[in-house]
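Structural overview
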Amino acid sequence: MISRAQHLQALIFDDPVEAAERALGWVRARLLFRECQLGRRVTALGTVRVVAKGRITLDDSVSFAGGMIPTELICHRGGLLQIGAGSVFNYGASIEAHEVVRLGQRCMVASMVRVADRAQGTTAPIVVGDDVWLAHGAILEPGVTIGDRSVISAGSVVTQNVPPDSLAVGNPARCLTLSLAASAASHRMAR
């Protein structure tokens, strides 16, 4: 088993550019998220606009990619914005919490995604499960819950809950649920 120092030394000698990018991302995250509760190894390779009037929590290994449009994390007074470990954000995503927005572990948030728990005078919590992919331009409306391992298709507008292991498509989004067991059973019947 190699130590952390040995791993870092190997990274520096094998790929000094990657080592420098990681270090810069870590330093940038410490500056950008200084008013937030941070886990270990949080990195920001691009610009992130942070408004932390409420409580923002970023768990271990959350990362923000660089790009032409800044990502924004906005938490209003009395609100909670919580992002689970290992979640990844592309450029231009916007997450806004007036009350509560929770993203689970290992979520992938593509560019131009909008998640806000207040719209048109309605405020309600948004909960996103673990291993969820929010594709380019997806919009989550107040009060929705997205189940674990679901995918929200590009450009979809989610106005109702999405069960686990589902694909949500369209405006308003409709869910397609297909479990592996049902898929295997239908495949056997087709033979």
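Here is a short report on the structure shown in this document. If you're wondering where the values come from, they're calculated on a predicted model, not measured in any experiment.

Here we come to the sheet that holds strand S15 (residues 126–128). Across the sheet, which stays open at both edges, the six strands sit in the order S1-S4-S7-S10-S15-S18 with parallel pairing between neighbours. This sheet does not close on itself; its edge strands, each paired only once, are strand S1 (37–38) and strand S18 (145–146). As defined by bridge partners, S15 adjoins S18 across two bridges and the pair is classed as parallel. Residue pairing across strands places Val 128 opposite Ile 146, the latter belonging to S18.

Pairing within the open sheet is parallel, and its six strands lie in the order S3-S6-S9-S12-S17-S20. In this open sheet, the two strands that pair with only one neighbour each are strand S3 (48–52) and strand S20 (157–158).

Our next topic: the packing of aromatic side chains. Taken as a whole and assessed by the stated rule, the structure comprises two aromatic pairs. Centroid distance Phe 33 to Phe 64: 5.2 Å. Interplanar angle 40°. Geometry classified as tilted. Taken together, the positions of Phe 33 in the loop between helix H2 (16–32) and S1 and Phe 64 in strand S5 (residues 63–64) put the pair 31 residues apart, joining distant regions of the chain. Taken as a pair, Phe 33 and Phe 64 share a single burial class, namely buried. Aromatic rings pair up to connect Phe 33, Phe 64 and Phe 89 into one cluster.

Now for the side chain of Ser 156. Its location among the elements puts Ser 156 in the loop between strand S19 (151–152) and S20. From its side chain, Ser 156 meets the backbone oxygen of Ser 153 in a polar contact 3.1 Å long.

Attention now moves to the nonpolar core. One broad rule of soluble globular proteins: the nonpolar side chains tend to lie buried together. Core analysis: the biggest nonpolar cluster contains 39 residues, and Phe 33, Leu 58, Phe 64, Leu 73, Phe 89, Leu 140 and Ile 146 have the highest contact counts within it. At the level of secondary structure, the elements contributing two or more residues to this core comprise S3, strand S4 (55–58), strand S6 (71–75), strand S7 (80–83), strand S9 (94–97), strand S10 (100–103) and S15. For Leu 58, the residues in contact, after removing those within four places along its chain, are Phe 33, Gln 37, Leu 38, Gly 39, Val 42, Phe 64, Leu 73 and Ile 83.

Among the secondary structure elements, Gly 170 is positioned in the loop between strand S21 (166–169) and strand S22 (174–177). By relative accessible area, Gly 170 is classed as partly exposed at 27%.

Covered by surrounding structure in S21 are Ser 166 and Ala 168 only, the residues Leu 167 and Val 169 on the alternate face being uncovered. Bridge count for S19 against S21 is two bridges, and the pairing is parallel. From the neighbouring strand, Ile 152 faces S21, where its bridge partner is Ala 168. Here four bridges tie S21 to S22, and the two strands are oriented antiparallel to one another.

Pairs can form between side chains of opposite charge once their charged atoms are near each other. Taken as a whole and assessed by the stated rule, the structure comprises five salt bridges. With a closest N to O distance of 2.9 Å, Glu 72 and Arg 49 form a salt bridge. Of this pair, Glu 72 sits in strand S6 while Arg 49 sits in strand S3, and the two are 23 residues apart along the sequence. Residue Arg 49 is classed as partly exposed on the basis of its relative accessible area, which comes to 44%. The partner of Asp 165 in a salt bridge is Arg 149, and the shortest N-O contact between them spans 2.7 Å. Of this pair, Asp 165 sits in the loop between S20 and S21 while Arg 149 sits in the loop between S18 and S19, and the two are 16 residues apart along the sequence.

Once that is clear, we can look at unusual backbone geometry. In the segment running from Asn 171 into Pro 172, the intervening peptide bond is cis, with an omega of -5°. Within the secondary structure layout, Pro 172 lies in the loop between S21 and S22. The backbone phi angle of Arg 106 is positive, close to 55°, even though this residue is not glycine. Its place among the elements puts Arg 106 in the loop between S10 and strand S11 (108–109).

The rules we used
Residues numbered from 1 in each chain as written. Predicted model: local features only at pLDDT ≥ 70, side-chain atom pairs only at ≥ 80, totals over all residues. Heavy atoms only, no water. Pairing = 2+ DSSP bridges. Helix = DSSP H or I, 4+ residues; strand = E, 2+ residues; numbered from the N terminus. Phe/Tyr/Trp six-rings, centres within 6.5 Å; stacked < 30°, edge-to-face > 60°. Buried < 20%, exposed > 50% of the residue type's maximum accessible area, 1.4 Å probe, protein only. Polar contact = N/O pair within 3.5 Å; in protein donor to acceptor, adjacent residues only side chain to side chain. Core = buried A, V, L, I, M, F, W, Y, C linked by side-chain atoms within 4.5 Å. Contact = heavy atoms within 4.5 Å. Salt bridge = Lys/Arg side-chain N within 4 Å of Asp/Glu carboxyl O.

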